[in-house]
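Here's the letter readout for the chains.
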Amino acid sequence: MADDSRIFQVEIITPDRVFHVGEATMIEFNTAAGEIGVYKRHIPLTTVLAPGIVKIHKDGEEDVIAAVHAGFAEILPEKVTLLAEIAEWPDEIDKNRAEAAKARAQERLAHKTETLDVKRAEFALRKALVRIDLAK
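Residues numbered from 1 in each chain as written. Predicted model: local features only at pLDDT ≥ 70, side-chain atom pairs only at ≥ 80, totals over all residues. Heavy atoms only, no water.

A look at the environment of E99
Note the following rule: The numbering of helices and of strands both runs from the N terminus, where a helix is a DSSP run of H or I of at least 4 residues and a strand a run of E of at least 2.
Relative to the helices and strands, E99 is located in helix α1 (residues 95-110). In the structure, E99 is positioned 21 residues away from R120 in sequence and 17 Å away in space, judged by C-alpha atoms.

Now the structure itself:
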């Protein structure tokens, strides 16, 4: 049983659904500045999400693992809210489609043209890699 003094609330919200609401003793996710791990009583912080895998830990229970792609995180001492453009469970990911997206992004980056939006192609590649990693 988890120590209640270490538990905080977690919400992951996307434009089309409330993706996850629950409790945690720790949450890990990617930000534009790198990976972050958050425990209860973390200093208040708002940060930009980067594509990556979110791991929600709760002592004595199985971890909740999902993918998020861009958005914002609001960290408060008693609650963490991820406002994500996209959030996906592993069983929602089509691995073949992610592999095809990876190949397209790599192809665009390998054969750059003046009209190529490099940041967009790199973002598409990161999203595909996260999806492939989570679908394993």
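Some details on the nonpolar core
The condition that has to hold: Among the buried residues, those of types Ala, Val, Leu, Ile, Met, Phe, Trp, Tyr and Cys that are joined through side-chain atoms within 4.5 Å form a nonpolar core. Any residue under 20% of the maximum accessible area for its type is buried, any over 50% is exposed, and the rest in between are partly exposed; the area is computed with a 1.4 Å probe on protein chains only. Residues are treated as being in contact if the distance between any of their heavy atoms lies within 4.5 Å.
In terms of nonpolar packing, the biggest core is built from 20 residues, with I12, I27, F29, V54, V80 and L82 touching the most fellow members. Of all the secondary structure elements, the ones that give two or more residues to this core are β1 (8-14), β2 (17-24), β3 (26-31), β4 (34-38), β6 (52-57), β7 (64-76) and β8 (79-88). Ignoring anything within four residues of it in the chain, the contact list for F29 reads G34, E35, I36, V38, T47, L49, I53, V54, A73, I75, V80 and L82.

Some words on the layout of surface pockets
Let me state the cut-off plainly: Detection works on a 1 Å grid of protein atoms alone, calling trapped sets that fit a 1.4 Å probe cavities and calling open sets with protein on both sides within 12 Å along at least five of seven lines pockets, with lining residues defined by an atom within 4 Å of a point. Grid points are joined across faces, edges and corners, and a volume is the space filled by probe spheres set on the points. Residues are grouped as follows: Ala, Val, Leu, Ile, Met, Phe, Trp, Tyr, Cys and Pro are nonpolar; Asp, Glu, Lys and Arg are charged; every other residue, Gly included, is polar.
A volume near 260 Å³ is recorded for the largest pocket. Lining of the largest pocket is provided by 13 residues; of these, R97, A98, A101, R104 and R131 occupy positions nearest its centre. Counting only elements with at least two residues in the lining of the largest pocket, the list comes to α1 and α2 (118-135). Looking at side-chain class alone, the lining of the largest pocket contains five nonpolar, no polar and eight charged residues.

Observations regarding the pairing of β4
As a reminder of what qualifies: If DSSP finds at least two bridges between two strands, the strands pair.
Note: β3 against β4, five bridges, orientation antiparallel. Counted as the bridge partner of I27 is V38 from β4. Where β3 hands over to β4, the hairpin turn is made up of two residues, counted between the paired strands.

Focus on the pattern of salt bridges
Basically, it comes down to this: Salt bridges are defined by distance alone: a side-chain nitrogen of Lys or Arg within 4 Å of a carboxyl oxygen of Asp or Glu.
Counted under the stated rule, the structure contains six salt bridges. The salt bridge involving R6 is made with D59; its shortest N-O contact spans 2.5 Å. Pair noted here: R6 is in the segment before β1 and D59 is in the loop between β6 and β7, with a separation of 53 residues, a long-range link. A residue is classified by how much of its surface remains accessible, and R6, at 34% relative accessible area, is partly exposed. On the basis of relative accessibility, which here comes to 30%, the residue D59 falls in the partly exposed class. Close ionic contact of E11 with K79 constitutes a salt bridge, the shortest N to O distance being 3.5 Å. On the criterion of sequence distance, the pair formed by E11 in strand β1 and K79 in strand β8 is long-range, its members being 68 residues apart.

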